[in-house]
Protein chains: 2
Amino acid sequence: MYKVKVFVTLKESVLDPQGTAVKGSLHALTYNEVEDVRIGKYMELLIEKSEQDIDARVKEMCEKLLANTVIEDYRFEVEEA
Amino acid sequence: MYKVKVFVTLKESVLDPQGTAVKGSLHALTYNEVEDVRIGKYMELLIEKSEQDIDARVKEMCEKLLANTVIEDYRFEVEEA
């Protein structure tokens, strides 16, 4: 079994209103040292071992479903679990 | 400046309908080797250096705003940026 951690983040050039809202709330709570907040998604997949290449399969899943590659970047880490 | 990466995940005992839906979609796309999907949040904070302890400050932010500790776990990594 593999444990795959996928991180999906908005591209730098894309506005992140959710992050801006969270930054505003942190400032309201007196955490004024926070300069910027960007919010993304974190996914953990448990994947059965097969003869197929795990990196290629996960890349396909990201491109097809897990990330919107027009506005988002993704990266992932594969661990044996 | 610090770059802080915060990972917020649902506790093991909490149902994750979003993850279940994504797993269903992956199976529909013929990725049947996917056994389980859990979805969480990933946040990147840029924080100004100050004389206060960065770990303690970020822990407070997580407890107060970024995570709902009743149903979610969080962890974070601090890097110099």
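Let me begin by describing the structure that accompanies this report. The model shown is predicted, which means the values in this text are computed figures rather than measured ones.

1. Overview of the packing of helix H2 (residues 54–66) of chain A against helix H1 (residues 17–28) of chain B
Interhelical geometry of H2 of chain A versus H1 of chain B gives an angle of 110° and a closest axis separation of 11 Å. Judged by the inter-axis angle, H2 of chain A sits roughly perpendicular to H1 of chain B. Here the hand of the crossing between H2 of chain A and H1 of chain B comes out right-handed. Along the contact surface, H2 of chain A presents Met61, Leu65 and Leu66 of chain A, while H1 of chain B presents Val22, Ser25 and Leu26 of chain B.

2. Topic: the relation of the copies chain A and chain B
The two copies are related by a screw motion: chain A maps onto chain B through a turn of 180° and a shift of 0.0 Å along the axis, at an RMSD of 0.0 Å. Taken together, these values place the two copies in the relation of a two-fold axis. Among all residues of chain A, the one whose C-alpha sits closest to the rotation axis is Lys41 of chain A, at a distance of 2.3 Å.

3. A short note on the environment of Thr9 of chain B
Checked against the element boundaries, Thr9 of chain B lands in strand S1 (residues 2–10). Sequence spacing of Thr9 of chain B and Asn68 of chain B is 59 residues, and the spatial spacing of their C-alpha atoms is 9.7 Å.

4. Comments concerning H2 of chain A
Spanning 13 residues, H2 of chain A covers only 16 Å between terminal C-alpha atoms, well under the ideal 18 Å at 1.5 Å per step. Here H2 of chain A has its buried residues at Ile54, Arg57, Val58, Met61, Cys62 and Leu66 of chain A. Angularly, the buried residues of H2 of chain A cover 140° about the axis, an arc narrow enough to put them on a single face. Contact partners of the buried residues in H2 of chain A: strand S1 (2–10), strand S2 (34–47) and strand S3 (72–80) of chain A together with H1 and strand S2 (34–47) of chain B.

5. Focus: the pattern of salt bridges
Residues and elements named next belong to chain B. Scanning all chains against the criterion turns up 16 salt bridges over all chains. In this structure, Glu79 engages Lys5 in a salt bridge whose closest nitrogen and oxygen atoms are separated by 3.3 Å. With Glu79 in strand S3 (residues 72–80) and Lys5 in strand S1, the pair connects residues that are 74 residues apart, well separated along the chain. Relative accessible area serves as the criterion here: at 13%, Lys5 is assigned to the buried category. Ionic pairing is found between Lys49 and Glu80, a salt bridge with its closest N-O pair at 2.4 Å. With Lys49 in the loop between S2 and helix H2 (54–66) and Glu80 in strand S3, this pair connects stretches of sequence that are 31 residues apart.

What counts, and where the lines are drawn
Residues numbered from 1 in each chain as written. Chains lettered and ligands numbered in written order. Predicted model: local features only at pLDDT ≥ 70, side-chain atom pairs only at ≥ 80, totals over all residues. Heavy atoms only, no water. Axes fitted to C-alpha atoms, helices over the stretch in contact; angles between N-to-C directions. Helix = DSSP H or I, 4+ residues; strand = E, 2+ residues; numbered from the N terminus. Parallel < 35°, antiparallel > 145°, perpendicular 65-115°, else oblique. Left-handed = near helix turned anticlockwise from the far one by under 90°. Contact = heavy atoms within 4.5 Å. Least-squares fit on C-alpha atoms with pLDDT ≥ 70 in both. Expected span 1.5 Å × (residues − 1). Buried < 20%, exposed > 50% of the residue type's maximum accessible area, 1.4 Å probe, protein only. Arc of directions from axis to C-beta. Salt bridge = Lys/Arg side-chain N within 4 Å of Asp/Glu carboxyl O.

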